[in-house]
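Structure at a glance
Next come the chains, spelled out residue by residue.
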Amino acid sequence: EVNDEFSSWEAQREAGEAYIRLQRERGWVLVPTRYDDPNISATRHDRPALQRLLADVDAGLLDCVVVTKVDRMVRSLTHFVRVMARLSERGVAFTAVTQQFETGTPTGRLTLNMLICFAEFEREMTAERTREKVCAARKRGRWTGGPPPLGYDVTPEGGRLVVNAIEAKRVLAIFELYLSTGSLTGTVQALNHRRWRTKTWTTRKDRVQKGRPWTKYTLRSLLTNPVYVGRVRLGSEVHDGQHAGIVPQDTFDRVQATLADRASPGGQQGGRTGTALLSGLLRCAPCDAAMTPTYTRRRGK
């Protein structure tokens, strides 16, 4: 919220109550029910108190809704239009204390729409500035958030990765295992047979995200992640990171070359040499996964 004299919800409440007392001659009476959503952004449409307010509007318990500023209630123009339509259908007025207008007049309705447009514009500009800051941080090699990759932890102050020694050994073993099998499917089967899992990490809200069994998708993401050679990806660009690498550059390059070779039309598929005629064509009907060729040897056959 904007840091001004009405930034706290207590100050907003006091301003609203004072305004209602000034309208006593018009028959205004403050309802006992409170509709406060402290510490919840007005960008959220599912705020509990807002939903209770709209429910009471539908029930015919209110004649007018009073706020200090429009952007304390809604920030999105689309959401504002829906809320105002709902109030209008029930014959409920809307008043903003510090902006001195009411929806009961044409001028008030015009001003209200203009203010909401500016509020949405400011929100979009803030989001754009945030994206620019993230891009600048990535270009400097900083970690900008999200689930940390296996083999690393995020420093307590954030913004930088540090090597997790135990997980780093496992990451290196995964790269070497793929080079030995030459197959994503075979590597996934071996990892899950060993009961190895993806990264277990804790969010800023202290929620533990447990690791999961490996899939071809998560394995490929790990094998192609430049973070393991001390770099960070920004879209199609790759920049030097501020963290130490785990995998030697030559090992990483060999893995990329193997992945590219297996993906080519004449590459080896599933550990079998030669072109599989139905590769990319034959799929599993229930799950739509691409089927890959394999074979076994028994009694010399």
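Our structure is the block above this text.
Scope of this entry: the structure provided in the associated data block. (Residues numbered from 1 in each chain as written. Predicted model: local features only at pLDDT ≥ 70, side-chain atom pairs only at ≥ 80, totals over all residues. Heavy atoms only, no water.)

1. Remarks on the overall build of the protein chain
The cut-off we apply is this: Only DSSP runs of H or I covering at least 4 residues are called helices, and only runs of E covering at least 2 are called strands; the numbering of each starts at the N terminus. Each residue's exposure class comes from its accessible area (1.4 Å probe, protein chains only) as a fraction of the maximum for that residue type: buried when under 20%, exposed when over 50%, partly exposed otherwise. Any two residues whose heavy atoms approach within 4.5 Å at even a single point are treated as in contact. The method behind every accessible area is Shrake-Rupley, applied with a 1.4 Å probe, and residues are considered shielded solely by the protein chains displayed. Charge assignment: positive for Lys and Arg, negative for Asp and Glu; neither His nor the chain ends contribute. Charged side chains are reduced to one point each, which is NZ for Lys, CZ for Arg, CG for Asp and CD for Glu.
Of regular secondary structure, the protein chain possesses eight helices and nine strands. Considered along the principal axes of its C-alpha atoms, the protein chain spans approximately 100 × 45 × 30 Å. Within the protein chain, the proportion of its 301 residues that are buried is 34%. In the protein chain, once contacts between residues fewer than 6 apart in sequence are set aside, the share between residues at least 24 apart is 53%. Summing over all exposed atoms, the protein chain offers an accessible surface of approximately 19,100 Å²; the carbon and sulfur share of this is 52%. Each charge class in the protein chain was averaged separately, 47 positive and 32 negative side chains, and the resulting centres sit 13 Å apart.

2. Observations concerning helix H6 (residues 184-193)
Working note: α-helix, 3.6 residues per turn, so residues spaced by three or four point in the same direction. The criterion, for reference: What the arc describes is the spread of directions from the helix axis to the C-beta atoms. We call two N or O atoms a polar contact when they sit within 3.5 Å, provided that within protein one can donate a hydrogen and the other can accept it, with sequence-adjacent residues counted only if both atoms are side-chain atoms.
Among all positions in H6, only Leu 184, Thr 187, Val 188 and Leu 191 are buried. The buried residues of H6 occupy an angular sector of 100° when projected down its axis, which confines them to one face. Facing away from the buried side of H6 by more than 90 degrees, the exposed set consists of Gln 189 and His 193. The N-cap residue of H6 is Ser 183: its side-chain oxygen and the backbone nitrogen of Thr 185 are 3.3 Å apart. Trailing H6 by a residue or two, Arg 195 shows a phi angle of about 65°, which is positive.

3. A short note on the pairing of strand E8 (residues 231-234)
Rules: Strand pairing is defined by DSSP finding a minimum of two bridges between the two strands.
Residues Val 232 and Leu 234 point to one face of E8 and are all buried, whereas Arg 231 and Arg 233, pointing to the other face, are not buried. In this antiparallel pair of consecutive strands, E8 and strand E9 (residues 237-240), the connection spans two residues, and Gly 235 shows a positive phi of 65°.

4. Thoughts on the nonpolar core
So the rule is basically this: Take the buried Ala, Val, Leu, Ile, Met, Phe, Trp, Tyr and Cys residues and link them wherever side-chain atoms come within 4.5 Å; each set so joined is a nonpolar core.
In this structure, Ile 174, Phe 175, Trp 214, Leu 219, Leu 222, Leu 223 and Tyr 228 are the most contacted members of the largest nonpolar core, which totals 26 residues. Contributing elements (two or more residues each) for this core: helix H5 (165-181), H6, helix H7 (216-223) and helix H8 (249-263). Among the elements that take part in this core, H5 stands out by supplying six residues, more than any other. Contact partners of Tyr 228, with chain neighbours within four places excluded, come to Pro 149, Leu 150, Tyr 152, Val 171, Phe 175, Leu 222, Gly 245, Ile 246 and Val 247. Ranked by size, the runner-up nonpolar core spans 19 residues in total, among them Leu 53, Leu 54, Leu 62 and Met 84.

Function cannot be inferred from these measures alone, as they are strictly geometric.
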